[in-house]
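# Observations on chain architecture
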Amino acid sequence: MDAENFIPASLYVCPVVASRPVGAYRQVAFVAPEIAALAHPGQFIMVRRAGPALDPLLPRPMCISDADSDLVKILVEPVGKGSAKLAASQVGDRLSVMGPLGTGFDLEGEGPAVLVGGGIGVSPLVLTAGTLAERGRAVRCILGFRARQQAVAAELFRDFDVDVLTEDGSMGRTGLVNEPLPGCLAIEPGQPAPEVFACGPDGMLWEVARISRECGVRAQVSVATHMACGIGSCQGCVIRTKGSYRKACTSGPVFEAGELEW
Amino acid sequence: MVKMPPELAVSLGPLKLAHPIINASGTFDVLEADKILEADLFHDFPFAAYVPKTVTLEPREGNTPPRLYETPAGLLNSIGLANKGIESFIAEDLPRLRELPAPIIASVAGGRTEDYGRCCRLLDAQEEVAAVELNVSCPNVETDGRALGSDPQQTARAAALARQETSKFLIVKLSPNVTDIVAVARAAAGAGADCLSVINTVHGMALDPWSLKPVLGHTTGGLSGPAIKPVALRAVYLVSRELDIPVIGMGGVTTSQDVLEFLAAGATAVAVGTANFRDPLAAARLALGLKELMVERGIGSVAGLIGRAQAPP
């Protein structure tokens, strides 16, 4: 997605129509036809519970996990006050939502797609996997989690070829995503090279970037930073890239792995 | 008897404001927001005047992240005046900002008092700029733990140097991180300031709940949002009571009732800051809500409301 194809976002109050636990996470679906229509894999929204309450004060950035016709789905891990409040959303609650925002994954390539997700970072890969498959790309997912409670989220990828790993071995294979990754990145002669699409904790993204570089394949990574405005005003969400800070909300959250300075 | 609608227009020195609500510097980038939001911000601009992000003589990349942390009803930031530098601002941004249907208040800062004079000399030649705000109070660029604006003499010197270089409406933005804000206000006014912005962010910090280390990359930061409203309201009340120049009130303004209260405390205009992060169209909603509140309470004009809290009981 580039500046010329950029479609403006807007603000909506959206009713929650489904809210269900996915292991340690919660999947919340709300009605937002305009956002669903425009959503590009890897983009995000700024979202909070609608209403005058001042604590939590600001909306939280949430990856668009999935979108179809009228509905947008987010996957929430209750880690702080803001996310806990969102995770507690019930059917009928209203959310204040701005989006879609940011620069998502570039899906224009041709090679097989290797999606690498860590923990709650699997969220944007659901829509990414679906969209890539619609475009005829081969999709393989490597999903890593702390333990079974989190790894339940792998069910969101049931249509795809999925490799699940947990750190404690309570589900799938024991280990980290960087272990099976190199085996998926072999470049076949005469075939388009594989491409990596990753989202997860910084340490995982760093490893994904290193392995992709060593294998000579392109990697796009979605980063998570503290955000206040989501629309380029506050300069709070910057990330260090080659030569300068760049705003994760407008230049990202998806960056070419090679652009980031770790 | 036909009731007249309340008069929201107000004069801030030579600036004619359609209503009393402007933005706090650094909290709304109209050039970015206009690209991203569907709203046509250049026609339906939510503010009665526009204050761009503070610029400095040289570009600044800002502080090490993390730069943001939310606290109860508040936001800590340590952005560190990241900006493209005054020359790029003048060459790239000002020509686009002149299309806005509101006067522009340029905001400048510097590490030394001389910088304020040099910035004002460059801005004085720009016809798009209606007023200049001297940000002497950013808590995130201090090298010795003190903003220039925490010292009355330094504040006066920055204001005097700026005054020498520009005939434009001159605003000094005061820090709340002082023992006696009225003394700093008097120093600024005595040196030629036409108006005072009250207040900048309040010094603060947060620790990570698990590591028990400072969350912000800069260790400390500036607190904004509803949490600081009582601090700001007091400062506006004291400064506007003691000085004859207009005050722009700011600090936690989030609701139309907040706007009403800052005007009553003595502000001539009110700036919205952190609330823009909560909702980038907040100011438009506040202006509508203010009108409704004034009708409800039989308040005829903003001008008639200013300083009402200071009248003897």
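Residues numbered from 1 in each chain as written. Chains lettered and ligands numbered in written order. Predicted model: local features only at pLDDT ≥ 70, side-chain atom pairs only at ≥ 80, totals over all residues. Heavy atoms only, no water.

What follows concerns the overall build of chain B. A tally of helices and strands in chain B yields 10 helices and 13 strands. Radius of gyration (C-alpha) of chain B: 18 Å, near the 20 Å computed for a compact globule of 313 residues. On the principal axes, the C-alpha backbone points of chain B span a range of 60 × 50 × 45 Å. Burial status across chain B gives 61% buried among its 313 residues. Pairs at least 24 residues apart make up 73% of the contacts formed inside chain B by residues separated by at least 6 positions. When the accessible surface of chain B is totalled, it reaches about 12700 Å², and 53% of it is carbon and sulfur. With 27 positive and 34 negative side-chain charges, chain B shows a separation of 4 Å between the mean positions of the two kinds. (Helix = DSSP H or I, 4+ residues; strand = E, 2+ residues; numbered from the N terminus. Rg over C-alpha atoms; globule rule 2.2 N^0.38 Å. Buried < 20%, exposed > 50% of the residue type's maximum accessible area, 1.4 Å probe, protein only. Contact = heavy atoms within 4.5 Å. Areas by Shrake-Rupley, 256 points an atom, 1.4 Å probe, with all protein chains shown as cover. Lys, Arg positive; Asp, Glu negative; His and termini not counted. Charge placed at Lys NZ, Arg CZ, Asp CG, Glu CD.)

A word on the sheet that holds strand 10 (residues 202–204) of chain B. All names here are of chain B. Strand order in the open sheet formed by four strands is 4-5-11-10, and the pairing between neighbours is antiparallel. Two strands in the sheet have a free side with no partner beyond their single neighbour: strand 4 (68–71) and strand 10. Averaged over all adjacent pairs, the angle separating strand axes in this sheet is 35 degrees, with direction ignored. Pairing analysis gives four bridges linking strand 4 to strand 5 (residues 74–77), with the strands arranged antiparallel. Across the sheet, the residue bridging to Tyr69 is Leu76, located in strand 5. (Pairing = 2+ DSSP bridges. Axes fitted to C-alpha atoms, helices over the stretch in contact; angles between N-to-C directions.)

Quick look at the packing of aromatic side chains now. Under the criterion given, the structure shown has four aromatic pairs over all chains. Pairing Phe28 of chain B with Phe47 of chain B gives two aromatic rings, centres 5.1 Å apart and planes at 70 degrees, and the pair type is edge-to-face. Here Phe28 of chain B, found in the loop between strand 3 (21–23) and helix 1 (30–36), pairs with Phe47 of chain B, found in the loop between helix 1 and strand 4; they are 19 residues apart in sequence, far enough to count as distant. On the basis of relative accessible area, Phe28 of chain B is assigned to the buried category, the value being 3%. Residue class for Phe47 of chain B comes out buried when judged on its relative accessible area of 3%. Consider the rings of Phe45 of chain B and Phe47 of chain B, whose centres lie 5.5 Å apart with planes at 70 degrees: the pair is edge-to-face. For Phe45 of chain B, a relative accessible area of 11% corresponds to the buried category. Each residue in the set Phe28, Phe45, Phe47 and Tyr50 of chain B is aromatic and connected to the rest through ring pairs, giving one cluster. Here the basic side chain of Arg240 of chain A rests over the ring of Tyr245 of chain A, its NZ or CZ set 4.2 Å away from the ring centre. (Phe/Tyr/Trp six-rings, centres within 6.5 Å; stacked < 30°, edge-to-face > 60°. Lys NZ or Arg CZ within 6 Å of the ring centre and 35° of its normal.)

Residue and element names in this part refer to chain A. Domain annotation of chain A identifies domain 1 (3–101) and domain 2 (113–222). Averaged C-alpha coordinates put domain 1 and domain 2 at centres separated by 24 Å. Taking both partners together, domain 1 and domain 2 bury about 1400 Å²; carbon and sulfur atoms supply 63% of that area. On the surface where domain 1 and domain 2 come into contact, there are two salt bridges. Between Arg20 and Glu155 there is a salt bridge; the shortest N-O distance is 3.0 Å. Between the two partners, domain 1 and domain 2, sit five residue pairs in polar contact (both at pLDDT 80 or more). Secondary-structure elements contributing two or more residues to the side of domain 1 that touches domain 2 are strand 1 (10–22), strand 2 (25–31), strand 5 (66–68) and strand 6 (71–76). Taken together, the residues of the side of domain 1 that touches domain 2 break down into nine nonpolar, five polar and three charged. (Domains from an automatic or database assignment. Buried area = accessible area lost by both parts, 1.4 Å probe. Salt bridge = Lys/Arg side-chain N within 4 Å of Asp/Glu carboxyl O. Polar contact = N/O pair within 3.5 Å; in protein donor to acceptor, adjacent residues only side chain to side chain. Nonpolar A, V, L, I, M, F, W, Y, C, P; charged D, E, K, R; others polar.)

Another point: the interface of chain B and chain A. Across the boundary between the two partners, chain B contributes 38 residues, which contact 36 residues of chain A. For the pair chain B and chain A, the summed buried surface comes to about 2900 Å²; carbon and sulfur atoms form 61% of the total. Taken as a group, Ile36, Glu70 and Arg278 of chain B account for 26% of the area that chain B buries against chain A, more than any other trio of residues on that side. Summed over the shared surface of chain B and chain A, the number is three salt bridges. A salt bridge links Glu70 of chain B to Arg60 of chain A; the nearest nitrogen and oxygen atoms lie 2.8 Å apart. The interface formed by chain B and chain A includes 11 residue pairs in polar contact (both at pLDDT 80 or more).

Inspection of every chain in the model, using the stated rule, returns three cavities of 30 Å³ or more. Taken as a whole, the largest cavity spans an internal volume of roughly 500 Å³. Ser25, Thr27, Asn77, Asn200 and Thr201 of chain B are the residues nearest the centre of the largest cavity, which is lined by 36 residues in total. Those elements giving two or more residues to the lining of the largest cavity turn out to be strand 5, strand 13 (269–272) and helix 8 (275–278) of chain B. Of the residues in the lining of the largest cavity, the class split is 17 nonpolar, 17 polar and two charged. Volume-wise, the second largest cavity comes out at about 80 Å³. As for the second largest cavity, its lining consists of Leu11, Tyr12, Met46, Arg48, Pro59, Ser96, Val97 and Met98 of chain A together with Arg278, Asp279 and Pro280 of chain B. Of all elements in the fold, only strand 1, strand 3 (44–49) and strand 7 (94–101) of chain A reach the threshold of two or more residues within the lining of the second largest cavity. (1 Å grid on protein atoms, 1.4 Å probe; cavity = no way out; pocket = protein on both sides within 12 Å on 5 of 7 lines; lining within 4 Å. Points joined across faces, edges and corners; volume = space filled by probe spheres on them.)

Let us now look at the environment of Leu243 of chain B. Summarising the element assignment, Leu243 of chain B is placed in the loop between helix 6 (229–242) and strand 12 (247–250). For Leu243 of chain B, the contacting residues outside a window of four places in its chain are Val182, Ala185, Arg186, Ala189 and Leu196 of chain B.

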